[in-house]
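Tertiary structure, described
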Amino acid sequence: MGRKTFSVAVAGATGAVGELMIQVLQERDFPVGEIRYLASSRSAGKTLKWKGEDIPVQELTRDSFKGVDIALFSAGGGRSLEFAPAAAEAGAVVVDNSSAFRMEADVPLVVPEVNAGDIAQYTRRGIIANPNCTTIIMIVALKPLHDFAKVRRVVVSSYQSSSGAGAKAMAELIKQTRDWVGERDLEVSAFKHQLLFNVIPHVDSFTDNGYTKEEMKMHNETRKMLHDNEIQVSATCVRVPVLTAHSEAVSIETERPITPEKARELLGAAPGVEVLDDPASSTYPMPLFVAGKDTCYVGRIRKDYTVPNGLCFWVVGDQLRKGAATNAIQIAEILARDYL
């Protein structure tokens, strides 16, 4: 008897994350029986490949989901709010990559290495939310440390790549580089300021408390996934002139001390994490080598001597893969294996 297959729809199939979702489904040999590509009306009629075959892109409508088992959404928050409930109503389980449903009490927010058990709650609304990419990269490293010695407080600074703001933003950084070399004027539209030779401490819009929405997502989403409303996360999110992969400098305070040696042992044994930590040989994670990988890499692990029970580390992950597409497919794999 052959293995069970599933009808999978990708909403936002022509976007950067949508295309990567399609790629990851193939890489991981997800049991797809039928694939359905959905996008806006202006993309309808284009074709995208599935295992060498041309598949036409259909317009995303409320009627797109008849017979679909799993609907992977990466079409933006507005479209998710409009179409994800219709997909769930048609019987599909939605894995949504936008911020639309993340903080809703009856929608599980899941990173499989952290809280895979929460996937079972999908039955409430038929929707599972993918967290913010910056939160995912941090929490994969945080979880084994939290399990060992409960994390009380996190101070994190992110170094976020241009592609985190979309394909146009990435293209703008490349164009600015070429224009600078060619001594042409630099155009700025994707960010508030020129990104080339610059860092911008402004990711997402500012809120009343002086933090940005991105920074508050790290606080709120971490609490939800760790089921811990006491943990405090103070983030400063910064855009840097890197193409792919987000880096984060993380300082934590725990209930009891974790030595750097113990932290390396815990992280080395944790799923989805690899320790790259040998400063003597200049070995530590960097975006240049992490881009294109699904693992989150941790290095620069050291005691924070400024606080009791303090530990510092540096974590880097590909925010388009583990931070978005791969995490969604991992959720779909657990759904397919255990629930559908």
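Summary of the structure given here. (Residues numbered from 1 in each chain as written. Predicted model: local features only at pLDDT ≥ 70, side-chain atom pairs only at ≥ 80, totals over all residues. Heavy atoms only, no water.)

What follows covers the sheet that holds strand 12 (residues 296–303). The sheet built from six strands is open, its strands ordered 9-8-10-13-12-11 with mixed pairing. Single-partner strands in this sheet number two, and they are strand 9 (232–239) and strand 11 (273–275). Neighbouring strand axes in the sheet, compared pairwise and without regard to direction, differ in orientation by 20° on average. Along the sheet, helix 4 (residues 133–149) contacts strand 8 (151–160), strand 9, strand 10 (246–254), strand 11, strand 12 and strand 13 (310–317); its crossing angle with strand 10, the most-contacted strand, is approximately 30°. (Pairing = 2+ DSSP bridges. Helix = DSSP H or I, 4+ residues; strand = E, 2+ residues; numbered from the N terminus. Axes fitted to C-alpha atoms, helices over the stretch in contact; angles between N-to-C directions. Contact = heavy atoms within 4.5 Å.)

Phe65, Phe73, Leu145, Val154, Ile252 and Phe313 are the most contacted members of the largest nonpolar core, which has 55 residues in total. Ranked by the residues each element gives to this core, the list is headed by helix 4, at nine residues. Apart from residues no more than four positions distant in its own chain, Leu145 is found in contact with Lys150, Val151, Ile252, Ile258, Ala263, Leu266, Leu267, Leu311 and Phe313. Judged by nonpolar contacts, the second largest core, of 37 residues, contains Leu72, Ile119, Tyr122 and Ile128. (Core = buried A, V, L, I, M, F, W, Y, C linked by side-chain atoms within 4.5 Å. Buried < 20%, exposed > 50% of the residue type's maximum accessible area, 1.4 Å probe, protein only.)

Take the side chain of Ser43 next. One can find Ser43 in the loop between strand 2 (32–39) and strand 3 (47–50). Sequence-distant contacts of Ser43, that is, excluding residues within four places in its chain, are made with Thr14 and Val57.

A cluster of basic residues, Arg42, Lys46, Arg79 and Lys168, forms a positive patch on the protein surface. For Lys46, the position within the fold is in the loop between strand 2 and strand 3. (Patch = residues over 30% accessible without salt bridge, like charges linked within 9 Å, V, L, I, M, F, W, Y side chains within 5 Å. Areas by Shrake-Rupley, 256 points an atom, 1.4 Å probe, with all protein chains shown as cover. Salt bridge = Lys/Arg side-chain N within 4 Å of Asp/Glu carboxyl O. Lys, Arg positive; Asp, Glu negative; His and termini not counted. Charge placed at Lys NZ, Arg CZ, Asp CG, Glu CD.)

Here Asn132 shows up in the loop between strand 7 (127–129) and helix 4. Side chain to side chain, Asn132 and Glu214 meet in a polar contact 3.1 Å long. (Polar contact = N/O pair within 3.5 Å; in protein donor to acceptor, adjacent residues only side chain to side chain.)

This brings us to the pattern of salt bridges. Two side chains with opposite charge may pair up if their charged atoms get near one another. Here the structure, examined in full by the defined rule, presents 23 salt bridges. Asp29 is the partner of Lys51 in a salt bridge, and the nearest nitrogen-oxygen pair spans 3.9 Å. In this pair, Lys51 is assigned in the loop between strand 3 and strand 4 (53–59) and Asp29 in the loop between helix 1 (16–27) and strand 2, connecting sequence segments 22 residues apart. Judged by its relative accessible area of 41%, Asp29 is partly exposed. Lys262 is the salt-bridge partner of Glu265, the closest N and O atoms lying 2.9 Å from each other. Taken together, the residues Glu265 and Lys262, both in helix 7 (residues 260–269) and three residues apart, mark about one turn of the helix. Taken together, the shared-partner salt bridges in this structure form one network comprising Lys175, Asp179, Arg184 and Glu187.

Two strands pair when backbone bridges link them, and strand 2 and strand 4 are joined in this way by three bridges, in the parallel orientation. Note on strand 4: the bridge partner recorded for Tyr37 is Val57. Of the pairings in the sheet, the one linking strand 3 to strand 4 comprises four bridges and is antiparallel in character. Residue pairing for strand 4: Leu48 is matched across the bridge by Ile55. With antiparallel pairing between neighbouring strands as the criterion, strand 3 and strand 4 make up a hairpin whose turn holds two residues, including Lys51 at a positive phi of roughly 50°.

Listed as buried for helix 7 are Pro260, Ala263, Leu266 and Leu267. All buried residues of helix 7 lie within an arc of 120° about the axis, which places them on one face of the element. In helix 7, those exposed residues whose orientation departs by more than 90 degrees from the buried face are Glu261, Gly268 and Ala269. Buried residues belonging to helix 7 abut helix 4, strand 11, strand 12 and strand 13. (Arc of directions from axis to C-beta.)

Another point: the sheet that holds strand 5 (residues 70–73). Read from one edge to the other, the open sheet built from seven strands follows the order 3-4-2-1-5-6-7, with strand pairing classed as mixed. Each end of this open sheet is capped by a strand with a single partner; those strands are strand 3 and strand 7. For this sheet, the mean inter-axis angle between neighbouring strands, taken without regard to orientation, is 30°. Note that strand 1 (residues 6–11) and strand 5 share four bridges and pair parallel. Looking at strand 5, one finds that Ala11 is bridged to Phe73. Docked against the sheet, helix 1 engages strand 1, strand 2, strand 3 and strand 5, running at close to 20° with respect to strand 3.

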